[in-house]
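Residue-level listing of the chains:
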Amino acid sequence: MRFLPAVIVDAVFVLIFAAIGRASHDENPLGFLLTAWPFLVALVVGHALAALVPARPRRPWSLGWGAIVWIVTVGGGMLLRIATGDTAETPFIIVATLVLAAMLLGWRLIALLARRYRAPRTAD
């Protein structure tokens, strides 16, 4: 399962997003799983959908893969929140969209730049 490391990194960022969000509203940060679970479920669905896209290359650390995961995570997470009786106010949707974009796409962009600009190997 070559995309498991990307799923784990993304899941950690979703958990961080939820913990920071709860703490910023003076809510018990330990209850962050209540905030995170809809996004974690949607994250797994996003990775599954990204894996099914026929375009090449299919690399879990690519920006294309990350864009699919990000869109599904935000959209699916909001739909799950609403379906289970929680709220999805406009400011929350905006913040979640922007923060999750920075997190889920940001690490991929850093990885891309690191691969592109790493020192060339020299043959001795």
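What counts and how
Within every chain, residues take consecutive numbers counted from 1 along the sequence as written. pLDDT decides what is reported in this predicted model: residues at 70 or higher carry local features, side-chain atom pairs at 80 or more are listed and counted, and totals for whole chains, interfaces and linings draw on all residues regardless. To obtain the side-chain values, all non-hydrogen atoms of the structure were used and water was disregarded. Strands are runs of DSSP state E lasting at least two residues, helices are runs of H or I lasting at least four, and both sets are numbered from the N terminus onward. Every helix has an expected span of 1.5 Å times one less than the residues it contains. Consider a residue and the seven residues that end there alongside the seven that start there; fitting an axis to each set, the bend is the angle between those axes. The buried label applies to any residue whose accessible area, calculated with a 1.4 Å probe on protein chains only, is under 20% of its type's maximum; exposed applies above 50%, and partly exposed to all values in between. Pairs of residues are marked as contacts when any of their non-hydrogen atoms sit within 4.5 Å. Axis lines are fitted to C-alpha atoms, over the contacting stretch for helices. Their N-to-C directions set the angle, which ranges from 0 to 180 degrees. When the near helix sits turned anticlockwise from the far one by under a right angle, the crossing is termed left-handed; a clockwise turn instead gives a right-handed crossing. Residues were grouped as follows: Ala, Val, Leu, Ile, Met, Phe, Trp, Tyr, Cys and Pro as nonpolar; Asp, Glu, Lys and Arg as charged; and all remaining residues, including Gly, as polar. The quantity known as pLDDT measures the predictor's confidence residue by residue, on a range of 0 to 100. Note on aromatic pairs: the rings of Phe, Tyr and Trp (six-membered ring only in Trp) are paired at centre separations within 6.5 Å, and the planes decide the class, stacked below 30 degrees, edge-to-face beyond 60, tilted for the rest.

Chemist: Go over helix H2 (residues 32–52) with me, naming the residues and quoting the values.
Modeler: Look at H2: 30 Å from first C-alpha to last across 21 residues, which is about the 30 Å you get at 1.5 Å a residue. By the largest-angle criterion, Pro 38 marks the main kink of H2, which is about 30°. Those residues of H2 that fall on the buried side of the exposure criterion are Thr 35, Ala 36, Pro 38, Phe 39, Ala 42, Leu 43, Gly 46, His 47, Ala 50 and Ala 51. Looking at the buried residues of H2, the elements they touch are helix H1 (4–24), helix H3 (63–83) and helix H4 (90–117).

Chemist: Tell me about the packing of H1 against H4, residues and numbers included.
Modeler: One way to put it is that H1 packs onto H4 with a least axis distance of 10 Å and a crossing angle of 145°. Between H1 and H4 the crossing geometry is right-handed. Judged by residue contacts, Ala 6, Val 9, Asp 10, Phe 13, Val 14, Ile 16 and Phe 17 of H1 engage Phe 92, Ala 96, Val 99, Leu 100, Met 103, Leu 104, Trp 107 and Arg 108 from H4. Of the residues that constitute the contact of H1 with H4, the class distribution is 13 nonpolar, no polar and two charged.

Chemist: Could you give an account of the confidence of the model for the protein, naming the residues involved and the relevant values?
Modeler: In this model, the protein carries a mean pLDDT of 89, and residues with pLDDT of at least 70 account for 92%. Between the elements of the protein, mean pLDDT differs from a low of 92, seen in H1, to a high of 96, seen in H3.

Chemist: Help me get a handle on the packing of aromatic side chains, residues and values and all.
Modeler: Applying the stated criterion across every chain, the model contains four aromatic pairs. On the basis of an interplanar angle of 65° and a centroid distance of 6.2 Å, the ring pair of Phe 39 and Phe 92 is categorised as edge-to-face. Of this pair, Phe 39 sits in helix H2 while Phe 92 sits in helix H4, placing them 53 residues apart in sequence.

Chemist: Could you give an account of the environment of Phe 3, naming the residues involved and the relevant values?
Modeler: Looking at the secondary structure, you find Phe 3 in the segment before H1. Using a relative accessible area of 21% as the deciding quantity, one classes Phe 3 as partly exposed. When near neighbours in sequence (up to four residues on either side) are disregarded, Phe 3 contacts His 47, Ala 51, Pro 60 and Trp 65.

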